[in-house]
Amino acid sequence: GGKVELGETLEEALHRELMEEAKIKINIIKYITQVKGDFNNMPIHIFLAEWADGTIVVKKDENSIIKLFTKDELKGLDIEKLSRNALMKEIGIGL
C-alpha cells in the first residue's frame, strides 16, 4: 500500500504507487468507496481500474503481491470483506 503525498489526489497517488511498486500503468474507471483497513483503521480507497501498459515487476525490497484479476476471479479472493463486497457490488457480481 501507499500513502497520498501532500498536494496529490487519490488518483495521482494510485498511478504513482503502481508505477513505483509494480511498473504498470492503469486506466481508472471510477472511484468506488473507502473502507477502514485492518492496520490502525487506516482508510483503504477502492478503485475500479483496468490495466493499460507494463509488465508487473515487484521491487525486491517490497513486501507486496500484485496481481490483476478478472471479474470471475474476484469471488474467491481472500481480501477484507468490506473491500470485496464493495467491489463486487460495483461490478455487478452477486455475493
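Everything below is about the structure printed above this text.
Just so it is clear, the model here is predicted, and its values are computed rather than measured. (Residues numbered from 1 in each chain as written. Predicted model: local features only at pLDDT ≥ 70, side-chain atom pairs only at ≥ 80, totals over all residues. Heavy atoms only, no water.)

S.K.: Any chance you could explain the packing of aromatic side chains here in plain terms?
M.R.: Two aromatic rings are characterised by how far apart their centres lie and by the angle between their planes. Evaluated as defined, the whole model comprises one aromatic pair. Between Y31 and F47, the ring centres sit 5.1 Å apart and the planes meet at 75°, which makes this aromatic pair edge-to-face. Here F47 lies in strand 2 (residues 43-53) and Y31 lies in strand 1 (residues 25-36), a separation of 16 residues in the sequence. Exposure remark for F47: the relative accessible area of 15% places this residue in the buried category. (Phe/Tyr/Trp six-rings, centres within 6.5 Å; stacked < 30°, edge-to-face > 60°. Helix = DSSP H or I, 4+ residues; strand = E, 2+ residues; numbered from the N terminus. Buried < 20%, exposed > 50% of the residue type's maximum accessible area, 1.4 Å probe, protein only.)

S.K.: Would you take a moment to explain the nonpolar core for this structure?
M.R.: When a protein is soluble and globular, its nonpolar side chains tend to lie buried together. I32, V35, I46, L48, L74, L77, A86, L87, M88 and I91 form the largest nonpolar core, which has 10 residues in total. Among the secondary structure elements, those contributing two or more residues to this core are strand 1, strand 2 and helix 3 (81-91). A per-element tally of this core places helix 3 first, with four residues. Beyond its immediate sequence surroundings of up to four residues, I91 is in contact with L48, K71 and L74. (Core = buried A, V, L, I, M, F, W, Y, C linked by side-chain atoms within 4.5 Å. Contact = heavy atoms within 4.5 Å.)

S.K.: Would you explain the environment of K36 in this entry?
M.R.: By the secondary structure assignment, K36 is in strand 1. The spacing of K36 and S83 is 47 residues in sequence and 9.0 Å in space, taken between C-alpha atoms.

S.K.: Looking at this structure, I do not really get unusual backbone geometry. What am I missing?
M.R.: When glycine is set aside, most residues are seen to have a negative phi, and most peptide bonds are trans. For K23, which is not glycine, the phi torsion reads 65° and is therefore positive. Following the sequence through the fold, K23 ends up in the loop between helix 1 (10-22) and strand 1. The class for K23 is partly exposed, based on a relative accessible area of 43%.

S.K.: I would appreciate a short explanation of helix 1 in the present structure.
M.R.: Helical geometry: 3.6 residues make up each α-helical turn, so side chains three or four residues apart lie on a common side. Along its 13 residues, helix 1 runs 17 Å from first to last C-alpha, staying within 8% of the 18 Å computed at 1.5 Å per residue. Among the residues of helix 1, A13, R16, E17, L18, E21 and A22 are the ones counted as buried. On its buried face, helix 1 is in contact with strand 1. Just past helix 1, the residue K23 takes up positive phi, approximately 65°. (Expected span 1.5 Å × (residues − 1).)

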